[in-house]
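# Fold and contact review
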Amino acid sequence: MANPAKTCPQICPTMNKGEEKKVYKEAGESRGGQQTNAAPYVPGMIKPPETKVYPPGAPPRYLPQPTDSTSGDILGMGPIAPWAAGHIDWTPQAGSTGVRPVVDKYSITRYSTGEWRKTNEYTLTPRATDKAKALEKQTKQDINDAFSNLDNKLNDSNNKLDKRVKVLSHWKKEVEKALNAITDEINTLDEDRAKLKGACRILMMPEAISRECLELRTGRYEPDLVRDEAEQELIKEVAIVGEVRRVFLNTLAKVETQMERNKAAKSSIEFDWGDKMSSLLVDRKNLSLSPESNLVQWHPGVARWPENATTLEYWEHFCAESIRNCEEVRKMSVDLRGDLMTNIKMGSQDMKLQADRTNAALAETVAATEELCEKLQENLKENLQKIADIENLIIYLKDSLRKVDERNKCVMTRLFARNYERPNVENCRDEAQYALMAEAKFIKETSESLQDKIRQAQTVRSELMKYRGELEKDIACKRKSLNIDQDRCDRVRAHMPTPEEFAAG
């Protein structure tokens, strides 16, 4: 490698001797103590500064220039001289910026001139001002449009509220008409119900007499609990009276049910009327409000549909259906009201005829019962005599059985002695033993026969006693029936009202 002193014999006249030696010394050494191939500094190589001439119409010098795109300043700093670090560096990286900032002994370099101009252009560009102007203009336009739309929406809401108030007023009047009509109908039906209850009280006497006779006849003993002619006539009489009463009771039940329906319809229509009044007051109040009103205030979270909100179609259907239901109930009530005493006049004569037939049937039943009671008393006397005879027979059979038992004890004693007291071979089956065995067998058969006879006699006696009880019970039953039909029923039926009294009430 050539010596730097020989390659660069000239020394910058501005340097003194010490600096010259220092430059030559540093130029011949690298940072690692080795020499490099970098070009050495030659005095006179620095050219005088050139005056830059900007063409007409060119941007100011602090803004990006057209030459910035060709000089490389716009892309970053280019290479610098090898003495930027304060000494000659002969390494291949000499003169390159490398990693910014370039730190030398004189300054810290961060950006190029082109970047500096670009930053000036960015800073001087009025971005925020333009945005502010555009935002101001757009905001004013939007506010004008918004308030115009708000006025339109307010007018539309007022028109809709006014229309709604008219519709509510119409339906309120219709509901008031229905309410007044159902109220008048309830009052009229209540008066007719009082008349119907009076008619039911008139029917209490003949019905009570007929039922009392039937209840008295149910007090007869079981053999006489028959459906005879008198019973059938009484049932017919009760049926006639009960039919008339049933008609009135059914009518009364219908009136009570209809009264409940009327009250329910009135309550429903009153609730509907109250709801419409409340809604009408609310909408009229809302119609009178404006943004300048003193009653307006904040209500967060109200711009949503309530959970119980209904559709307009359903509301209209409900209004019409409510009035229609009320009118239907009122019409049913009008149809139910009528002449409630007609059936009484029509049935009074039939009730009188049936009462006469019942009295005749009771008299016939009493005569037949008296004849039967006499016949039963005769049979009772015969039964008592037979019972006495059978009881005597049972006593005779029991005496005979006691005698047979005594003979049975005798033969058993003999057999016991011969079976257990004779020793050894003497205990043999001789003729006496056979005779005693035959006698014991015969006595046993005779005893069983007598016991069977006693049982038969006792059975016959039980049957006679049972028959006696039946006869006595039957006689008591007939006397009870005579007492009921002849005495008690006649006294009760003597108070049967005549058709004139029944019709007069």
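Before reading on, note that the structure itself is shown above.
Here is a short report on the structure shown in this document. One numbering rule holds for all chains: residues counted from 1, following each sequence as written. Thresholds applied to this predicted model are a pLDDT of at least 70 for local features of residues and 80 or more for the giving and counting of side-chain atom pairs; totals over whole chains, interfaces and linings are not thresholded and use all residues. The basis for every side-chain value is the complete set of heavy atoms in the structure, and neither hydrogens nor water enter the calculation.

This part is about the overall build of the protein chain. Numbering of helices and strands runs from the N terminus, with a helix taken as a DSSP run of H or I at least four residues long and a strand as a DSSP run of E at least two residues long. Across its full length, the protein chain holds eleven helices and two strands. Secondary structure elements in the protein chain, listed N-terminal to C-terminal, are α-α-α-β-β-α-α-α-α-α-α-α-α. When burial is assessed residue by residue, the protein chain has 28% of its 505 residues classed as buried. Whether two residues touch is decided by their heavy atoms; if any such pair falls within 4.5 Å, the residues are in contact. Long-range contacts, defined as pairs at least 24 residues apart, comprise 81% of the intrachain contacts of the protein chain with a sequence gap of at least 6. For the protein chain, the exposed surface amounts to about 35,400 Å²; the carbon and sulfur share of it is 55%. The buried label applies to any residue whose accessible area, calculated with a 1.4 Å probe on protein chains only, is under 20% of its type's maximum; exposed applies above 50%, and partly exposed to all values in between. For the accessible areas, the method is Shrake-Rupley and the probe is 1.4 Å, while residue cover comes only from the protein chains on display.

So, about helix α8 (residues 312-336). To estimate how far a helix should extend, the number of its residues minus one is multiplied by 1.5 Å. A rise of 1.5 Å per residue sets the reference length of α8, with its 25 residues, at 36 Å; its end C-alpha atoms lie 36 Å apart and thus fit the reference within 8%. Here α8 has its buried residues at W315, C319, S322, I323, C326, V329 and S333. Of the surrounding elements, those touching the buried residues of α8 are α5 (127-202) and α7 (229-288).

So, on to the environment of I395. The residue I395 is located in helix α9 (residues 342-420) in this model. Between the alpha carbons of I395 and I454 there is a distance of 8.9 Å; along the sequence they are 59 residues apart.

Moving on to the pattern of salt bridges. Note on definitions: salt bridges are taken to be side-chain nitrogens of Lys or Arg within 4 Å of carboxyl oxygens of Asp or Glu. Evaluation of the coordinates by the stated rule reveals 31 salt bridges. We note a salt bridge from E185 to R337, for which the minimum N-O separation is 2.9 Å. Here E185 is found in helix α5, whereas its partner R337 is found in the loop between α8 and α9, with 152 residues between them in sequence. What makes R337 partly exposed here is its relative accessible area of 26%.

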